Amino acid sequence: MQFKKVEKKWREAWKKEGVYRVKDAVKGKKNFYHMVMFPYPSGDLHIGHWYNFAPADVFARFKRMRGFNVLSPIGFDAFGLPAENAAIKRGIHPKTWTYKNIKTMTAQLENMGTMYDWERSVITADPEYYKWTQWMFLQLFHAGLAYRTKAKANWCPKDRTVLANEQVIDGKCDRCGTEVVQRDIDQWLLKITSYADRLLADLEGLDWPEKTKAMQRNWIGKSEGSLVAFAIEGIDQAVSKETLKFRPYLIAPVLSGEKYITHRLESKAVKVGDLVPLINWASKEQFGLARITKVVKDVMKNVSETQDGHEKFKNRKEFYATYAKYYNKVVDDDTAIWMYHFELVSPSIDVFTTRVDTIFGCTYVVVAPEHKLIEALKGQIENYKEVSVYTAKARKKLELDRMMEEKTKTGVELKGIRAINPFTGDAVPVYVADYVLGGYGTGAVMAVPAHDERDLAFAKQFKLPIKVSVAGTSTELGECMIDDGTLVDSGSFTGMNSVAARTEMTKWLKQQDSGSGTINYKLRDWLISRQRYWGSPIPLVFCEHCKTRIESGDYKKGEFTKGELANPGWIGVKEKALPVLLPPVKNYLPTEEGKSPLAHSKSFVNTSCPHCASKGVRETDTMDTFMCSSWYYLRYPDPKNAKQFADPKKLAAWLPTDMYIGGAEHSVMHLLYARFFTKVLYDLKQVKFKEPFMALRHQGTILGPDGQKMSKSKGNVIDPDDLVDRFGADAVRMYLCFMGPYDQGGPWQPGGMVGIARFLQRTEQLYDAYSKGAHTAKRSAKGNPLKKILHQTIKKVTEDIAEFRFNTAVSSLMILLNAMDDQREYIDAEVLEQFLLLLAPFAPYFAEELYRGLLGNKTSIHIVPWPKYAARLAVENEFELVIQVNGKTRDTMRVPKGTTQERAREIALASPKVHAVALGMQVKKVIFVPDRLINLVIGI
RNA sequence: GCCCCCAUGGCGAAAUUGGUAGACGCGCCAGUUUUAGGAACUGGUUCCGCAAGGAUUAGAGGUUCGAGUCCUCUUGGGGGCACCA
């Protein structure tokens, strides 16, 4: 067969006939939304793309033939670093490079024989698309889910530029080899952490690989424990203890990650004893600070909380009165919403622990180098200089270095500061050490060297005492006993087991007002700022005038959105003004201050405030490309809509997606972000479903023939175009299906393709011969023996494709072909047509050529319904009875189905092979599995 | 270090889910055919053995009438997380 010609012929015919055009509704058909993860336009389609798309297309075609109205779209994840690098290297616009690649890959995807509806394609770099990415960002921003904070970025001091993680190789800049440093830059983050619980809980109902779910769970990293406040010794206990019955503190709001609060605190130079405003009820939620809850309850008995974290007041007057009493300022409705007050009495070190049962063994406390307490207690720390040298060094450290030094623990004691264990009343030393992570829990831990390996390593190095508080298998000093056990030497809790002790001790803490039960997550907020050119601009404008008004409280209710109030001065671009277009620039490198290349464009930066029209400057960072891919599945149903991201009716017709196929490398980030987006949109009533991808399947990774990951430098890359030239697109599709289990991947077998090529060739010869009238169907007395195997094959292929077992589906097609070849005289029109139908999803061009070209059908095979198998015909009426003696197979015999145990026994005993081993023995027991086997248990 | 997964001929793999291990394909061997072939076709192909037969699913043990499949340990490979308190 002339592949090239045949493929071209049908591709054009399909296009002309609109065979793959998808309507939003077809009478009598259910919609099925089948998606593959869209590719990054890197240049050429590689074999990995084929492995993703070809079997996925087989599944989509199968579903379509099964009577579903299938939407199987494709697009391009077109923003990203490679385009920018190419642009910098060759001096062309990233857009030129990207769109050229898209053109090439589109042609390749079409050649593949896929049934994508190209009229629904999306490209994330199109302004018509990123307009809605920006719109999505604004939804999050206005809902108060975005905030700005200093976050670390990789900085190359020589190139004076921000580097993406993938541009940092072994801690060095990939361009010049200079050591990369961490630099704090103001960046935007999204509060994905406030969705941690729902992201975790909703995994339950999804038809996803267990492994992927486990990875998401692990990433979210929920752990239950207790929050314990260690009061700091030697800090003046302020008078106000009676005034307000709580011990509030500075640390909580500062830690909350609320830029606004940080700002307030800094500008007001808060001292111990000061009143400190806490901006947002969510901070309490986020950190589970039981005592803040209590405070707020005490001070504002009139405040009730709504489910989503917004507040309402039952009785405003009372609230204002309470407020005025403590803050000496009259407030109105708008300000009141925001202002809760805390009196700073005595700061404490709050630690998070999952093992509060070991607290009697706590011999010191450690805080992370980033911990705000160090700065706050500057005056009290005797060796502050030494400490600041250490923290500065630790903060500069790259993640990589932290890993390398794994075993050796470093740290410095905070001299002059001691923390009081609320259970024992003992004061223990406080250290700063980088083995405690600033971003997890409270950034401080109670160290129990007897029951925690890391604490033990540190204690040994710094010669700190080790105190056993839980008895278990190994309780020797110097050995670590991390298991649960019975508490010893633990005051009134002695004798309890760990599990009970944790509950009781947490209860006690709550009574004492120095702790509570709490839940922590490893998940961190999502940093979306990129100091890069080729991405969607963040649609915000900074306005000094609005900032002043918000901070002074001089604005009307409803004038600013929740997000604008939380980020004073940052104003969202109005929907009408979207998209904020990427400006043309000459230099694609970030600026010396670490701003994105967009900052080079004065006409872009300088603008007017969307709110008050006074002078404003635009945010110049662009968005993480994960933002673009977090919602693209919502766009395919309505890709050209200029008024909405999609018509709600069209969304309802297709979403959520029924099947999503892509690489396991996206198990965490992309899938988690997309789920987060969906949940936010659900809360904002933009969509009616809570999960975007109901079913998920991964394809495996194809390695080079040498078993190594394919890469140009290793020279082990398999070019699909070469294979297509030699064997045709159908053979490549089919071989990829046949290779092995879809989710497994593995090394490429050169030469493996030949088998499929032969199969197709033999099929063609057979059909060719038939069309020339070489065979006439005849019937034997028993009927047509091919019918049975045909119907068995229909059953098998149907079940296999549904379960993504493409390899066994192909093998059963081969078996059928072999049977047809062996019994040519029984081939009839039914066998010929149905075999082709089964083949059609795998080899769309080939099947069409035989169906239309050779068998003379007028319409496409791809609109013919999938064959149904007749159970009656697929059933065998005989089976091979396995005759075992003592569990060992000795003989087999073909017998009719339904053979009774008695009859089977007779047959077995009549077998000479059974006689040979059973001579002189007695049958003690008979195991009989109907229609399968008989096992004689014999002995003397 | 922790968590998860995997291990079957020379190779990719299959196995009705506890019931004939090795389907299907590659490769290899023999033969047929061809001007030639790195083409096509036919037959064979887990290992040992001329055979009868025996052994065999990384290794060792266990449960069972019966284990590739379930349990325990060991070894080897892959993936994820990485000081998560």
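Cut-offs and rules
Residues numbered from 1 in each chain as written. Chains lettered and ligands numbered in written order. Predicted model: local features only at pLDDT ≥ 70, side-chain atom pairs only at ≥ 80, totals over all residues. Heavy atoms only, no water. UniProt positions renumbered as here; feature names shortened; annotations may be inferred. Helix = DSSP H or I, 4+ residues; strand = E, 2+ residues; numbered from the N terminus. Buried < 20%, exposed > 50% of the residue type's maximum accessible area, 1.4 Å probe, protein only. Areas by Shrake-Rupley, 256 points an atom, 1.4 Å probe, with all protein chains shown as cover. Pairing = 2+ DSSP bridges. Phe/Tyr/Trp six-rings, centres within 6.5 Å; stacked < 30°, edge-to-face > 60°. Near = heavy atom within 4 Å. Polar contact = N/O pair within 3.5 Å; in protein donor to acceptor, adjacent residues only side chain to side chain. Nonpolar A, V, L, I, M, F, W, Y, C, P; charged D, E, K, R; others polar. Axes fitted to C-alpha atoms, helices over the stretch in contact; angles between N-to-C directions. Parallel < 35°, antiparallel > 145°, perpendicular 65-115°, else oblique. Left-handed = near helix turned anticlockwise from the far one by under 90°. Contact = heavy atoms within 4.5 Å. Core = buried A, V, L, I, M, F, W, Y, C linked by side-chain atoms within 4.5 Å. Expected span 1.5 Å × (residues − 1).

As named in an unreviewed UniProt entry, chain A is Leucine--tRNA ligase, taken from Candidatus Wolfebacteria bacterium GW2011_GWA2_47_9b. In UniProt, chain A has this text filed under Subcellular location (unreviewed entry): "Cytoplasm". According to the UniProt record, the Catalytic activity (unreviewed entry) comment for chain A reads "tRNA(Leu) + L-leucine + ATP = L-leucyl-tRNA(Leu) + AMP + diphosphate".

Draft legend 1. Focus on the overall build of chain A. Tallying secondary structure elements over chain A gives 34 helices and 37 strands in all. Burial analysis of chain A (940 residues in total) assigns 53% to the buried set. Roughly 42,500 Å² of accessible area belongs to chain A as shown, and the carbon and sulfur atoms make up 52% of that amount.

Draft legend 2. Structural detail: the UniProt feature "short sequence motif: 'HIGH' region" (unreviewed entry) in chain A. As recorded in UniProt, the sites labelled "short sequence motif: 'HIGH' region" (unreviewed entry) are residues 39-49. In residues 39-49, helix accounts for 27% and strand for 0%; the two terminal C-alpha atoms are 8 Å from one another.

Draft legend 3. Inspection of the sheet that holds strand β23 (residues 526-527) at higher detail. The strand order across the open sheet formed by 4 strands is β6-β5-β9-β23, and the pairing between neighbours is antiparallel. Each edge of the open sheet is held by one strand with a lone partner, namely β6 (161-163) and β23. Across 2 bridges, strand β9 (residues 181-190) lies against β23 in antiparallel orientation. Each residue of the ladder has a partner; that of leucine 189, found in β23, is leucine 527.

Draft legend 4. The packing of aromatic side chains, seen in detail. Under the definition given, this model contains 52 aromatic pairs. Both rings, one in tryptophan 135 and one in phenylalanine 645, keep their centres 5.4 Å apart while their planes meet at 40 degrees; by these two values the pair is tilted. On the criterion of sequence distance, the pair formed by tryptophan 135 in helix α5 (residues 127-142) and phenylalanine 645 in the loop between α22 (625-629) and α23 (648-654) is long-range, its members being 510 residues apart. The buried category is assigned to phenylalanine 645, whose relative accessible area is 3%. Taken together, a centroid distance of 5.5 Å and an interplanar angle of 90 degrees make the contact between tyrosine 742 and phenylalanine 806 edge-to-face. Of this pair, tyrosine 742 sits in the loop between α26 (729-738) and β33 (745-747) while phenylalanine 806 sits in helix α29 (residues 806-822), and the two are 64 residues apart along the sequence. Residues tyrosine 742 and phenylalanine 806 agree in their burial class; the two are buried.

Draft legend 5. Local environment of the protein's contact with RNA strand B. Not every one of the 50 residues close to RNA strand B is listed here, only the nearest: Thr354, Arg454, Gln744, Arg758 and Asn935. Each atom of RNA strand B within 4 Å of the protein belongs either to a base or to sugar and phosphate, the latter forming 59%. With respect to RNA strand B, the side chain of threonine 353 contributes an N or O atom lying 2.9 Å from a sugar or linking oxygen. Put simply, the parts of the chain that give the surface near RNA strand B at least two residues each are α7 (210-220), β15 (348-353), α27 (753-771), α29, β34 (878-885), β35 (888-896), β36 (922-929) and β37 (933-939). Among the elements that take part in the surface near RNA strand B, α29 stands out by supplying 6 residues, more than any other. For the surface near RNA strand B, the class distribution of residues is 18 nonpolar, 17 polar and 15 charged.

Draft legend 6. Broad picture of the packing of α27 against helix α30 (residues 829-839). Put simply, α27 and α30 touch, their axes get as near as 12 Å, and they point 150 degrees apart. Classified by the interaxial angle, the pair formed by α27 and α30 is roughly antiparallel. Between α27 and α30 lies a crossing whose hand is left-handed. Seen from α27, the contacting residues are Phe759, Thr763, Tyr767 and Tyr770; seen from α30, they are Ala829, Val831, Leu832, Phe835, Leu836 and Leu839. In terms of residue class, the contact of α27 with α30 is built from 9 nonpolar, 1 polar and no charged.

Draft legend 7. Geometry of the nonpolar core. Within the largest apolar cluster, 172 residues are counted, with the highest numbers of intra-cluster contacts made by Phe137, Leu634 and Phe842. In terms of residue count, helix α2 (residues 47-65) provides more of this core than any other element does, 11 residues in total. Discounting residues that sit within four places of it in the chain, phenylalanine 137 has contacts with Ala146, Leu190, Ile528, Ile538, Pro539, Leu540, Met623 and Met627. Counting residues in hydrophobic clusters, the runner-up holds 48 residues, among them Val228, Ile232, Ile359 and Val470.

Draft legend 8. Structural context of helix α28 (residues 785-802). Between its first and last C-alpha atoms α28 spans 27 Å; for 18 residues at 1.5 Å apiece the expected length is 26 Å, and the two agree. For α28, the complete set of buried residues consists of Leu786, Lys787, Ile789, Leu790, His791, Thr793, Ile794, Val797, Thr798, Asp800 and Ile801. Tucked into the core, α28 has its buried residues touching α2, α29, α30 and α32 (871-874). Of the residues one or two after α28, phenylalanine 804 is the one with positive phi, at around 65 degrees.

Draft legend 9. Region of interest: unusual backbone geometry. With omega at 0 degrees, the peptide bond leading from leucine 578 into proline 579 counts as cis. Looking at where proline 579 falls in the secondary structure, it is placed in the loop between β26 (570-572) and α21 (602-605). In the segment running from leucine 655 into proline 656, the intervening peptide bond is cis, with an omega of -5 degrees. By the element assignment, proline 656 lies in the loop between α23 and β30 (659-663). In this structure, aspartate 931 is a non-glycine residue whose phi angle is positive, near 60 degrees.

Draft legend 10. Representation of the pairing of β36. In this sheet, β37 lies alongside β36 in antiparallel orientation, the contact comprising 7 bridges. Directly across from phenylalanine 928, in β37, lies its bridge partner isoleucine 934. Here β36 folds back onto β37 in antiparallel fashion, the turn holding 3 residues, of which aspartate 931 has a positive phi close to 60 degrees.

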